[in-house]
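The primary structure of each chain is shown beneath.
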Amino acid sequence: NLLLPEEGFYKKLAVECSRQQICVDVWLFAATYADVVTLGQLAKHTGGSVNYLPGFSAPRDGAALAAELRHNLTREQGWEAVMRVRCSQGVKINSFHGHFFVRGTDLLALPNVDADKAFAITLGLEENALTSTHVAVQAALLYTTSTGERRIRVHTKSIPVIGAITDLFRAADVDAVTALIGKLGAGIALGGKLQDARELVQAKAVDALRGFRNVCPPDAKHSAAVLLPQELRLLPLYALGLMKHVALKPEADVRPDERAAALMALEYSPTHAIISAAHPRVMPLLLELRPPLGTPVAPHGFIQLPPLMPLTERTLANPQAVYLVEDGRQLLLWAGRQVPPAFVQDVFAMPSLDNAEPTLLSIAPPSHTEAAQTVHNIIAALRAERPGALATLRIVRQGSPEELLVQRCMVEERSVQMMAYDEFLVQCHRAAQTAKA
């Protein structure tokens, strides 16, 4: 099984590095099989990351590598850290998920800690019922700043014990739920059970549908409608996106090293990165590329981005369309075969894309036209949301081999071995209706 690491040298080296307060970030560029899952053990047990750029090409990947290295070396860091998690009486910690080394039942060794990593913790009850009105969870992080100052950061959360399941659904955070499911699935897959990981992701979506249906009024409970609270209405969509992500998808077009790197990223990525991976954004550029698009909008000051498109093949069927696509890790510009010449001239400063080499294409300088300035503003806004990522804009032409990168983002579409979103939603709905409560 190519998702199971070789035991021995790298695991022992990682444990020794953690003991010596050394964090290892793994950078891999091989065009052939490199056993990422084994080499990645160095990052997994030292709080590091796995950065995979297969078949490295300086013209294509150089800017991305430079930006990622710059971000890696200049971001705010905590050194020689340990994190302890405590719970109040009646609650226990069942499991930790992320990149770290476990020193005890509630103590994580983190030679390095930064904002690009996240940890998930599952809790359980020590007894059948809680007698208190609140449960407290505390995470204490002891670390050294880059200036050598030893600090402790403590987060304490008091959570009310509720008597009605409906209150639990109303308080649900669909992004956090999706991130936890993704980390659980990644852990199972890296144990060599890829099919089990996909089944777990779908089962969690079915459990949510079933649980909410059970607490609905009788007339709604026996209806044929899909019942989900407003707070979790996107959960089935995100679950399908996780199942179709490079980390978990069953299709054979994913290389073992690519899958292993994606699974490890799911393990340590923060919530926003997992949501982007589960449901990428596709934004049309054949609009009026002028303000307010690409400019700050009052009162919050966020940059106004183009509207989002459905993640289906129909979106890519228009040969005159142009889209920006981002999944948290890569930024793509998809251009149809018949892009209007006026757009090409305004944005690329050339008469046509037909004979152009995609790897050498770039957006014209902001001073070229207002349209070019707007596209630059939109790209800058996306990059600001993903520090260290999206450094390279990759141009993909309709019908080219690289179009596979965009097609993988169409998670609402039927694939070779996976259902379309509407089919998946119906299947989850029927499973929730027929399964025992």
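Please refer to the structure higher up on the page.
Below is a short write-up of the structure. (Residues numbered from 1 in each chain as written. Predicted model: local features only at pLDDT ≥ 70, side-chain atom pairs only at ≥ 80, totals over all residues. Heavy atoms only, no water.)

## Side note on a nonpolar patch on the surface
Move 1: Nonpolar side chains collect at one region of the surface, where Ile162, Ile165, Leu168 and Val215 lie side by side and expose about 320 Å² of accessible area between them.
Move 2: Residue Val215 is classed as partly exposed on the basis of its relative accessible area of 31%. (Patch = residues over 30% accessible without salt bridge, like charges linked within 9 Å, V, L, I, M, F, W, Y side chains within 5 Å. Areas by Shrake-Rupley, 256 points an atom, 1.4 Å probe, with all protein chains shown as cover. Salt bridge = Lys/Arg side-chain N within 4 Å of Asp/Glu carboxyl O. Buried < 20%, exposed > 50% of the residue type's maximum accessible area, 1.4 Å probe, protein only.)

## Some points on the packing of helix 7 (residues 194-214) against helix 9 (residues 235-244)
Move 1: In contact at an axis separation of 9 Å, helix 7 and helix 9 are set at 175° when each is read in the N-to-C sense. Considering the angle they form, helix 7 stands roughly antiparallel to helix 9. In this structure, helix 7 contributes Arg198, Val201, Gln202, Ala205 and Ala208 to the contact, and helix 9 contributes Leu235, Pro236, Ala239, Leu242 and Met243.
Move 2: Looking at the contact of helix 7 with helix 9 residue by residue, the classes come out as 8 nonpolar, 1 polar and 1 charged. (Axes fitted to C-alpha atoms, helices over the stretch in contact; angles between N-to-C directions. Helix = DSSP H or I, 4+ residues; strand = E, 2+ residues; numbered from the N terminus. Parallel < 35°, antiparallel > 145°, perpendicular 65-115°, else oblique. Contact = heavy atoms within 4.5 Å. Nonpolar A, V, L, I, M, F, W, Y, C, P; charged D, E, K, R; others polar.)

## Examining the nonpolar core
Move 1: With 60 residues, the main nonpolar core has Val36, Val201, Leu232, Leu242, Leu248 and Leu263 as its most contacted residues.
Move 2: Looking at which element gives the most residues to this core, the answer is helix 7, with 9 residues.
Move 3: Among residues more than four places away in sequence, those in contact with Leu232 are Phe169, Ala172, Val174 and Ala208.
Move 4: Grouped together as the second largest cluster of nonpolar side chains are 26 residues, Leu285, Leu333, Leu353 and Leu382 included. (Core = buried A, V, L, I, M, F, W, Y, C linked by side-chain atoms within 4.5 Å.)

## Some words on the sheet that holds strand 10 (residues 281-284)
Move 1: On the basis of which strands lie adjacent, the open sheet formed by 4 strands has the order 10-13-14-15 and mixed pairing. For this open sheet the edge positions go to strand 10 and strand 15 (393-397), each flanked by a neighbour on one side alone. Across the sheet, the mean angle from the axis of one strand to that of its neighbour is 25°, orientation sign disregarded.
Move 2: Contacting strand 10, strand 13 (322-326), strand 14 (331-335) and strand 15, helix 13 (residues 370-385) runs over the sheet at an angle of about 10° to strand 13. (Pairing = 2+ DSSP bridges.)

## Overview of the packing of aromatic side chains
Move 1: A full pass over the atoms with the stated rule returns 6 aromatic pairs.
Move 2: Pairing Phe29 with Phe56 gives two aromatic rings, centres 5.5 Å apart and planes at 80°, and the pair type is edge-to-face. Placement of Phe29 in the loop between strand 1 (26-28) and helix 2 (36-39) and of Phe56 in the loop between strand 2 (50-52) and helix 4 (58-74) is noted, with a sequence separation of 27 residues between them.
Move 3: Overall, the relative accessible area of 32% leaves Phe29 in the partly exposed class.
Move 4: Judged by centre distance (6.1 Å) and plane angle (55°), the rings of Phe100 and Phe119 are tilted. (Phe/Tyr/Trp six-rings, centres within 6.5 Å; stacked < 30°, edge-to-face > 60°.)

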